[in-house]
Amino acid sequence: MTVVSVRIDSATLSEIESIREHVEELAGVDRAEFIRRGAAVAIEIAKLDVGQVEKSAAALDKMVREAAKVGDDSKLLPVLLEVYTALYAVAALDTIIQMVFRGQHAGDVVRAYRESFREILMELSNAELEGDTLVVRLGGEEKKENVRNYVDRVLEEVRSYVNLINKRRSRK
Amino acid sequence: MEPPSIKVYIPRSERIHLIKQLIEKGPFYIIFWFVFDHDWGFGRENWEPVAVKYHSGQPSAVVLRPHCSWKIIDMQDIGSAEVLHVLFRGRGHAPVVKTLDDVDFDIEVEEYDGPFEPKFEEVNVSEVPSQAVDPRIWCLPRTFGQRLDIRLKLKELYEIQIIEGTR
């Protein structure tokens, strides 16, 4: 078994704190819950970096399957919000880990995922269902999309991220 | 200033949304503008800059503005100043430039369209929309108070470079 020691400096701590603030702001997650989830995710990500990605990928896959299983669209959106809150934390910590272990630009692709997850969280937090249409109103703008198409698209983002971390692991 | 060659990768679903590729030549920079016909599904154009900063006629850094934040990459971290590999991720078309330490780039582009080498049309400074140069209005509220003007950023970096005299 490989033991990984992760040193957290003050810059990393302040980044984690700013992530917490974003998540709190976007999804109303309380501090204790976030720390609990964040710690679990951090442990998983640390394992991920030494080649034990299966558990993380399996956990994400499970969340995706559970989200897709819920047929009622009005119930689906809160599930997606939950999934994406966790995903945002995963990608945020993954970004930090990549930078710490591999170099200052090594987290750029994951950071782009993180920001994509953040945008989706923002959408989900500002969305209403009108029949089978999801209406997002943000910053004075409005867009509409069929809710099933929207769900397919955001789940594809999850699959894409899981695919990335799995391939990364297999190429070590 | 000789512009580098740009190799572009875009997710298949977004390829048809890239409608223009423009090149803006400034006194100490070149900005490659990639124009998409939407931004996160909102029906406005998304102008993504990939800027190359020059010092003494040589490219010294790449400057990006993914998701309304700055990303500055020294040319030495890219490896080659002659060819830049750039991917545009997701529906927000966040640009990522391939660097020497980035193992995820090659994995990510496996399912993308590309690489292709766009033909750039030259554009004057005045022809670039002001909200492309400084997209603050689209970035609120999280970037409140931040400066996002790409030309001002390049000027600031250039001046720092002159003062430091190192890069």
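Structure's up top.
A.B. asks: Can you walk me through the overall build of chain B in this structure?
C.D. replies: When helices and strands are tallied, chain B shows 5 helices and 10 strands. Taken over C-alpha atoms, the radius of gyration comes to 15 Å for chain B, in line with the 15 Å a tight globule of 167 residues would show. Along the three orthogonal principal directions, the C-alpha set of chain B runs to about 45 × 35 × 30 Å. Put simply, chain B has 167 residues, and 37% of those count as buried. In chain B, the proportion of contacts linking residues at least 24 apart, taken out of those at least 6 apart, comes to 56%.

A.B. asks: Any chance you could explain helix α5 (residues 150-164) of chain B here in plain terms?
C.D. replies: In an α-helix, one full turn covers 3.6 residues, which means residues spaced three or four apart are oriented alike. All names here are of chain B. In this model, α5 (15 residues) spans 21 Å end to end at C-alpha, consistent with the 21 Å of a helix rising 1.5 Å per residue. Looking at α5, one finds that the buried residues are Ile150, Lys153, Leu154 and Leu157. Around the axis of α5, the buried residues are gathered within 100° of arc, so they sit on the same side. With respect to the buried face of α5, the exposed residues turned more than 90 degrees away are Leu152, Glu156, Glu159, Ile162 and Ile163. Tucked inside the fold, the buried residues of α5 contact β3 (29-36), β4 (46-55), β5 (58-64), β6 (71-74) and α3 (130-133).

A.B. asks: Which parts of the structure should I look at to understand unusual backbone geometry?
C.D. replies: Note on backbone geometry: most residues besides glycine have negative phi, and most peptide bonds are trans. Residues and elements named next belong to chain B. Following Gly114, the chain continues to Pro115 via a peptide bond in cis, the omega torsion being 5°. Within the fold, Pro115 resides in strand β9 (residues 112-116). With phi around 60°, Trp40 is a residue other than glycine that occupies positive phi space. On the secondary structure map, Trp40 appears in the loop between β3 and β4. The backbone phi angle of Ser56 is positive, close to 50°, even though this residue is not glycine. Looking at the secondary structure, you find Ser56 in the loop between β4 and β5.

A.B. asks: Explain the sheet that holds strand β1 (residues 5-11) of chain B to me, please; I cannot follow it from the model alone.
C.D. replies: Adjacent strands of a sheet form backbone hydrogen bonds with each other and so pair up, either parallel or antiparallel. Reading across the sheet, the 4 strands line up as β8-β7-β1-β9 (chain B) and stay open at both edges, with mixed pairing between neighbours. Unpaired on one side and paired on the other, β8 (94-97) and β9 of chain B mark the two borders of the sheet. Between one strand and the next, the sheet's axes are offset by a mean angle of 20°, whatever the strand orientation. As defined by bridge partners, strand β7 (residues 83-89) of chain B adjoins β8 of chain B across 4 bridges and the pair is classed as antiparallel. Within β8 of chain B, the position partnered with Arg89 of chain B by the bridge is Ala94 of chain B. The strands touched by helix α5 (residues 108-125) of chain A are β7 and β8 of chain B; relative to β8 of chain B, the strand with the most contacts, the crossing angle is about 170°.

A.B. asks: Help me understand the nonpolar core, please; the structure alone is not making it clear to me.
C.D. replies: Most often, soluble globular proteins keep nonpolar side chains buried together rather than apart. Tyr84, Leu87 and Ala91 of chain A together with Ala51 and Val62 of chain B are the most contacted members of the largest nonpolar core, which has 70 residues in total. Take this core: its biggest share by element is 15 residues, from helix α4 (residues 73-102) of chain A. Here Val62 of chain B is in contact with Val50, Ala51, Val52, Ile73, Ile78, Leu84 and Val97 of chain B, once residues within four sequence places are set aside.

A.B. asks: Would you explain helix α6 (residues 147-170) of chain A in this entry?
C.D. replies: Here α6 of chain A contains 24 residues, and its C-alpha end-to-end distance of 35 Å stays within 8% of the 34 Å for a straight helix at 1.5 Å per residue. Taken residue by residue, α6 of chain A has Val147, Tyr150, Val151, Val154, Val158, Tyr161, Ile165 and Arg168 of chain A as its buried positions.

A.B. asks: Mind showing me how you'd approach the interface of chain B and chain A here?
C.D. replies: The interface is formed by 21 residues belonging to chain B together with 18 residues belonging to chain A. Those elements that place two or more of their residues in the side of chain B that touches chain A are β8 and α2 (104-108) of chain B. Top element by residues in the side of chain B that touches chain A is α2 of chain B. It accounts for 4 residues. Grouping the constituent residues of the side of chain B that touches chain A by class yields 10 nonpolar, 5 polar and 6 charged.

The rules behind each value
Residues numbered from 1 in each chain as written. Chains lettered and ligands numbered in written order. Predicted model: local features only at pLDDT ≥ 70, side-chain atom pairs only at ≥ 80, totals over all residues. Helix = DSSP H or I, 4+ residues; strand = E, 2+ residues; numbered from the N terminus. Rg over C-alpha atoms; globule rule 2.2 N^0.38 Å. Buried ≥ 20, exposed ≤ 12 C-beta atoms within 10 Å, placed from the backbone. Contact = placed C-beta atoms within 7 Å. Expected span 1.5 Å × (residues − 1). Arc of directions from axis to C-beta. Pairing = 2+ DSSP bridges. Axes fitted to C-alpha atoms, helices over the stretch in contact; angles between N-to-C directions. Core = buried A, V, L, I, M, F, W, Y, C linked by C-beta atoms within 7 Å. Nonpolar A, V, L, I, M, F, W, Y, C, P; charged D, E, K, R; others polar.

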